[in-house]
Amino acid sequence: MAGAISPTPCIFCQIARNSTSTTLLHSVPSFYYVLQDDKVVAFRDINPSAFRHYLVIPVEHIPTVKDLQRRHEDYSLVSHMLNVGQTLLRQDAPQSEQYRFGFHQPPMNSVDHLHLHCLALPFKPRWKHLKYLSLGPLGGFIEAEKLLEKIKPFSPISS
């Protein structure tokens, strides 16, 4: 995996280890969770930008999307994060007509711990959509599906 050891635990590492009061929606096994596994944790964004706004983070500390590579482990993790986010929004906001899933790329990321934004639109307030625009080569927001295309492992060439 592309993980790195953080010299001081980041807030998302603390959340992943259950050492904060944040209500977890999808997490490592414990009490009152929607889904459970040992790879990711999901919780409500403390500053929501949409009707529903969740974050899905890996338990392992991975700083940003720039630390992901074309490897099966990284591709599998991002796919799993997306699957968890889609499941949560379908359960919690089935009436939403549009969902968005993606990551902020440096230097636009707010926390140096990989996190998937899961948004059930509309944006609230409407101007918050600006935070979720792609800036092309300058970074900005990258849709989860586009990131998966970028990190999809190369198929072995058979002869």
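You'll find the structure just up there.
Residues numbered from 1 in each chain as written. Predicted model: local features only at pLDDT ≥ 70, side-chain atom pairs only at ≥ 80, totals over all residues. Heavy atoms only, no water.

> Please clarify how the pattern of salt bridges should be interpreted in this entry.
Working definition: two side chains of opposite charge can pair if their charged atoms are close together. For the structure shown, the criterion picks out three salt bridges. Linking arginine 52 and aspartate 92 is a salt bridge whose minimum nitrogen-to-oxygen distance equals 2.7 Å. Highlighted residues: arginine 52 in strand β4 (residues 50-58) and aspartate 92 in helix α2 (residues 72-92), separated in sequence by 40 residues. When the shortest N-O distance is used, the salt bridge between arginine 100 and glutamate 143 registers 2.5 Å. Here arginine 100 is found in strand β5 (residues 99-105), whereas its partner glutamate 143 is found in strand β7 (residues 140-143), with 43 residues between them in sequence. A residue is classified by how much of its surface remains accessible, and glutamate 143, at 30% relative accessible area, is partly exposed. (Salt bridge = Lys/Arg side-chain N within 4 Å of Asp/Glu carboxyl O. Helix = DSSP H or I, 4+ residues; strand = E, 2+ residues; numbered from the N terminus. Buried < 20%, exposed > 50% of the residue type's maximum accessible area, 1.4 Å probe, protein only.)

> So what exactly am I meant to see when it comes to the packing of aromatic side chains here?
The description of an aromatic ring pair rests on the distance of the ring centres and on the angle between the ring planes. Scanning all chains against the criterion turns up four aromatic pairs. When the centroid spacing of 6.4 Å and the interplanar angle of 45° are considered together, the rings of tyrosine 99 and phenylalanine 101 count as tilted. Look at tyrosine 99 and you get partly exposed, because its relative accessible area is 26%. Taking 5.6 Å as the distance between ring centres and 20° as the angle between the ring planes, the aromatic pair formed by phenylalanine 123 and tyrosine 132 counts as stacked. In this structure an aromatic cluster arises from ring pairing among Phe123, Tyr132 and Phe141. Taking the ring centre of phenylalanine 51 as reference, the NZ or CZ of arginine 52 above it sits at 4.4 Å. (Phe/Tyr/Trp six-rings, centres within 6.5 Å; stacked < 30°, edge-to-face > 60°. Lys NZ or Arg CZ within 6 Å of the ring centre and 35° of its normal.)

> What should I look at first to understand the side chain of histidine 117 in this one?
Positionally, histidine 117 belongs in strand β6 (residues 116-123). Of note is the side chain of histidine 117, whose polar atom sits 2.8 Å from the side chain of histidine 53. For histidine 117, the contacting residues outside a window of four places in its chain are Asp45, His53, Tyr54, Leu55, Arg100, Phe101, Gly102, His104, Tyr132 and Phe141. (Polar contact = N/O pair within 3.5 Å; in protein donor to acceptor, adjacent residues only side chain to side chain. Contact = heavy atoms within 4.5 Å.)

> Honestly, unusual backbone geometry in this entry has me stumped. Any pointers?
The bulk of non-glycine residues show a negative phi, and the bulk of peptide bonds are trans. Following proline 106, the chain continues into proline 107 via a peptide bond in cis, with omega recorded as 5°. With respect to the helices, strands and loops of the structure, proline 107 is situated in the loop between β5 and β6. Residue leucine 121 is joined to proline 122 through a cis peptide bond whose omega torsion reads 25°. Tracing the backbone shows proline 122 in strand β6.

> What is the right way to read the environment of serine 76 from this model?
Residue position: serine 76 is located in helix α2. Taking the relative accessible area as the measure of exposure, serine 76 reaches 32% and is therefore partly exposed. With 75 residues separating them along the chain, serine 76 and isoleucine 151 place their C-alpha atoms 9.8 Å apart.

> Just to check I follow, could you spell out the nonpolar core for this structure?
The nonpolar side chains of soluble globular proteins are, as a tendency, buried together. Counting 26 residues, the largest nonpolar core has Val56, Leu68, Met81, Phe103, Leu116 and Leu147 as the members making the most contacts within it. Mapped by element, the contributors of at least two residues to this core are β3 (40-44), β4, α2, β5, β6 and α3 (144-151). With seven residues, the single largest contributor to this core is α2. Leave out the neighbours within four places in its chain, and methionine 81 touches Val40, Val56, Ile57, Pro58, Phe103, Leu114, His115 and Leu116. With 10 residues, the next largest nonpolar core counts Phe12, Ile15, Phe43 and Ile57 among its residues. (Core = buried A, V, L, I, M, F, W, Y, C linked by side-chain atoms within 4.5 Å.)

> Help me understand α3, please; the structure alone is not making it clear to me.
Two residues of an α-helix separated by three or four positions point the same way, owing to the 3.6 residues in each turn. Every buried residue belonging to α3 is among Ala144, Leu147, Leu148 and Ile151, and all of these are buried. Buried residues of α3, seen end-on, are gathered within an arc of 105° and therefore sit on one face of the element. Facing away from the buried side of α3 by over 90 degrees, the exposed positions are Lys146 and Glu149. Structurally, α3 contributes buried residues whose contacts are with α2, β5, β6 and β7. (Arc of directions from axis to C-beta.)

Remember, this is a structural readout, not a statement about activity or role.
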